[in-house]
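# Examination of the molecular architecture
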Amino acid sequence: MLKLETKAVEFDGEYYEICCNMAALEKLEELHGGSMKAVFECDANHINAELLLIMLNEARADKGEDPITKAHFARRYNYAMLREMDIFGMFLRAMSPEAANKDAGDKGKN
């Protein structure tokens, strides 16, 4: 059974539980003119950065905190860090049951 994927992420010394849910995916889609097709045409690094910022800001909003600016975010993360966090993987698994099931199967092989 597919479950909503969450992950604990540290930002400026505080931990947030991020989630690649429908709200985050819709905000990502809005950034690309309301087209998920346009999102899929983007570079994975670009999607990583946008999606993590969206998810962090959602988690901050849940705590009643102000959103992180894009500039502040960019000073704290680089592309290698985002790849290590597997943000693009979260995106793919949220969009495709096949990807989520494949990833669950791969984890079981380790």
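One can find the structure itself at the top, above this paragraph.
Residues numbered from 1 in each chain as written. Predicted model: local features only at pLDDT ≥ 70, side-chain atom pairs only at ≥ 80, totals over all residues. Heavy atoms only, no water.

All told, the structure shown has 4 aromatic pairs when counted by the stated rule. On the basis of an interplanar angle of 25 degrees and a centroid distance of 6.0 Å, the ring pair of Phe11 and Tyr77 is categorised as stacked. Here Tyr77 lies in the loop between α4 (70–76) and α5 (79–85) and Phe11 lies in strand β1 (residues 6–11), a separation of 66 residues in the sequence. The pair Phe11 / Tyr77 is uniform in exposure class, with both members buried. Ring geometry for Phe40 and Phe91: centres 5.2 Å apart, planes at 45 degrees, overall tilted. Placement of Phe40 in helix α2 (residues 36–40) and of Phe91 in helix α6 (residues 87–95) is noted, with a sequence separation of 51 residues between them. Exposure remark for Phe91: the relative accessible area of 0% places this residue in the buried category. Each member of the aromatic cluster is reached from another via a ring pair, and the members are Phe11, Phe73 and Tyr77. Lying over the aromatic face of Tyr16, Lys63 brings its terminal NZ or CZ to 4.4 Å of the ring centre. (Phe/Tyr/Trp six-rings, centres within 6.5 Å; stacked < 30°, edge-to-face > 60°. Helix = DSSP H or I, 4+ residues; strand = E, 2+ residues; numbered from the N terminus. Buried < 20%, exposed > 50% of the residue type's maximum accessible area, 1.4 Å probe, protein only. Lys NZ or Arg CZ within 6 Å of the ring centre and 35° of its normal.)

Here we take up the nonpolar core. With 27 residues, the main nonpolar core has Leu52, Leu56, Phe73 and Tyr77 as its most contacted residues. For this core, the secondary-structure elements that each account for two or more residues are β1, β2 (14–19), α1 (22–31), α2, α3 (44–62), α5 and α6. With 9 residues, α3 is the largest single contributor of residues to this core. In this structure, Phe73 is in contact with Phe11, Ala49, Leu52, Leu53, Leu56, Ile68 and Leu82, ignoring residues within four places of it in sequence. (Core = buried A, V, L, I, M, F, W, Y, C linked by side-chain atoms within 4.5 Å. Contact = heavy atoms within 4.5 Å.)

This part takes up the pattern of salt bridges. One pass over the full model with this rule turns up 7 salt bridges. Where Lys63 meets Glu14, a salt bridge forms, and the shortest distance between an N and an O atom there is 3.0 Å. In this pair, Lys63 sits in the loop between α3 and α4 while Glu14 sits in strand β2, placing the two residues 49 residues apart along the sequence. Judged by its relative accessible area of 42%, Lys63 falls in the partly exposed class. Residue class for Glu14 comes out partly exposed when judged on its relative accessible area of 33%. Arg60 serves as the salt-bridge partner of Glu65, at 3.3 Å between the closest nitrogen and oxygen. Classification of Glu65 as partly exposed rests on a relative accessible area of 23%. The network of salt bridges with shared partners includes Glu5, Asp86 and Arg93. (Salt bridge = Lys/Arg side-chain N within 4 Å of Asp/Glu carboxyl O.)

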